[in-house]
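What follows is the residue order along each chain.
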Amino acid sequence: MTKITVPTNSKPRVPMPPPPPPPLPLKSEMMLAKNRTGPGPIEQMVKNASRQKASDIHIRVGEVPRFRIRGEMVTAEDQPQVTPEMFEEYLSEILSSTQRHEFAKTKELDTAVFYPGFLRCRVNCFETITGGAMVLRLISLRIPSIDELRLPPVFKKIIGIKQGLILVTGPTGSGKSTTMAAMIRHLNETENKHIITIEDPIEFVHPSQKCLISQREVGLHTQDFHASLRSALREDPDVILIGEMRDRVTINIALQAAQTGHLVLGTLHTRSAINAINRLLNIFTPEEQIAMRIQIVESLAAVIAQLLIPATDGGRVAVHDILINTPSMQDYLLKGNEDSAFQLMQMDTHEGMQVMNNAIYEQWQLGTITEEAATKVSPDPSGFDRLVRTGGYEAHRSPRSFEGKYQAKF
């Protein structure tokens, strides 16, 4: 028998870890893709909208479809006015028979459609005075990173917090979901944690990398949002992504999770960081608000308020209010001293805090946005004008240099 010897100085080869798998479609989306024999009118419309870098498609009986491009509604080219018969054809293309029955019964429906290798669409169908309507939100299959979006570097520090409540706020269409997805991606690439998301519906699909990620869609993987949220606390999570903080039950469960060692991410529709706390408090009665203020402030880790502004290069740029709940900030928030909290956000840039107007002014200084666009979106136009006239100088601060600052892009 031949004896095979192995040199003693040879080193075993360490296999390279496989690349993360591409995101998989949900069961309902797989069924839709399998039943589709060729590109239908909705799929073709989605392709046209994607080429024009639209974020949403609006379809309504009696109207020509419109695309939302850079925040503006634009009539779609080469599209006819939608008839009731055309709308029924659109529904047949993207909905299963069960979903068609549900929509006919409830007059509204949330779902998602998956186009393999291309993108996903979050879909909302509803009835209007002129007939059926639907809005499709176009969602890239590839999740952008914090660096690619040119978001403030402090976002990496925020998502690395071990426990507490992180709120990402802003009006509809301000990129909250994209920012949260980028933060989850960073965590997925750098930490070994269990992340649970409860979404309605799922938008970005996260393949597990260093983190184990469990995504659940209301109506598909759970029938009750609150039940799934309570259940999440028993599923050994490190991070829970809730989505919208919609009611007092959701807020109470989120606070319970944040206080018991979990990191919780939620969204609100407010235009400033400090107003986010008031929005949560206003859900409760005046008698409850004193106790709830203590719970919210003690659980809070950070608040990010985001707005999107049309950029000079044809895209959009994100600007932020950033509140970090330092001991000094917590003291002001517990006392309800909003003026002092706002001033601390202006001054404590070492912690990564900033106010929206200063972020807008920086982008204007860099030439990424026009003065007209900046003034239009500013939460305090007179304050922005003062920054322009004084060269960014504020009484409580020294002038700042904006050379080399980040330019967050969407």
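See the structure above.
Residues numbered from 1 in each chain as written. Predicted model: local features only at pLDDT ≥ 70, side-chain atom pairs only at ≥ 80, totals over all residues. Heavy atoms only, no water.

Chemist: Lay out the overall build of the protein in plain terms, naming residues and giving numbers.
Modeler: If you tally the helices and strands in the protein, you get 15 helices and 13 strands. Split into buried and exposed, the 410 residues of the protein put 50% on the buried side. Sequence-distant contacts, at least 24 apart, represent 59% of the contacts inside the protein between residues at least 6 apart. Counting every atom, the protein has about 20400 Å² of accessible surface; 51% of that belongs to carbon and sulfur. (Helix = DSSP H or I, 4+ residues; strand = E, 2+ residues; numbered from the N terminus. Buried < 20%, exposed > 50% of the residue type's maximum accessible area, 1.4 Å probe, protein only. Contact = heavy atoms within 4.5 Å. Areas by Shrake-Rupley, 256 points an atom, 1.4 Å probe, with all protein chains shown as cover.)

Chemist: Tell me about the environment of Asp 200, residues and numbers included.
Modeler: Mapping Asp 200 onto the fold places it in the loop between β8 (194-199) and β9 (212-217). Take Asp 200: its relative accessible area is 37%, and that puts it in the partly exposed class. With 78 residues separating them along the chain, Asp 200 and Arg 122 place their C-alpha atoms 9.5 Å apart. With residues up to four places along the chain from it excluded, the contact list for Asp 200 reads Asp 110, Val 218 and Arg 246.

Chemist: Tell me about the pairing of β8, and please be specific about residues and values.
Modeler: Where burial is concerned, most of β8 is hidden: 6 out of the 6 residues are buried. Of the two faces of β8, the one holding His 194, Ile 196 and Ile 198 and the one holding Ile 195, Thr 197 and Glu 199 are both buried throughout.

Chemist: Any chance you could break down the sheet that holds strand β13 (residues 316-324) for me, citing the residues and the numbers?
Modeler: Reading across from one edge, β9-β8-β10-β11-β7-β12-β13 is the order of the 7 strands in this open sheet, with mixed pairing throughout. The strands lining the two open edges of the sheet, one partner per strand, are β9 and β13. Ignoring strand direction, the axes of neighbouring strands in this sheet form an average angle of 15°. The sheet contact formed by β8 and β9 spans 6 bridges and is parallel. Following the sheet pairing, Glu 199 is matched in β9 by Glu 217. The strands touched by helix α6 (residues 176-190) are β7 (164-169), β8, β9, β10 (239-244), β11 (263-268) and β12 (300-310); relative to β11, the strand with the most contacts, the crossing angle is about 165°. (Pairing = 2+ DSSP bridges. Axes fitted to C-alpha atoms, helices over the stretch in contact; angles between N-to-C directions.)

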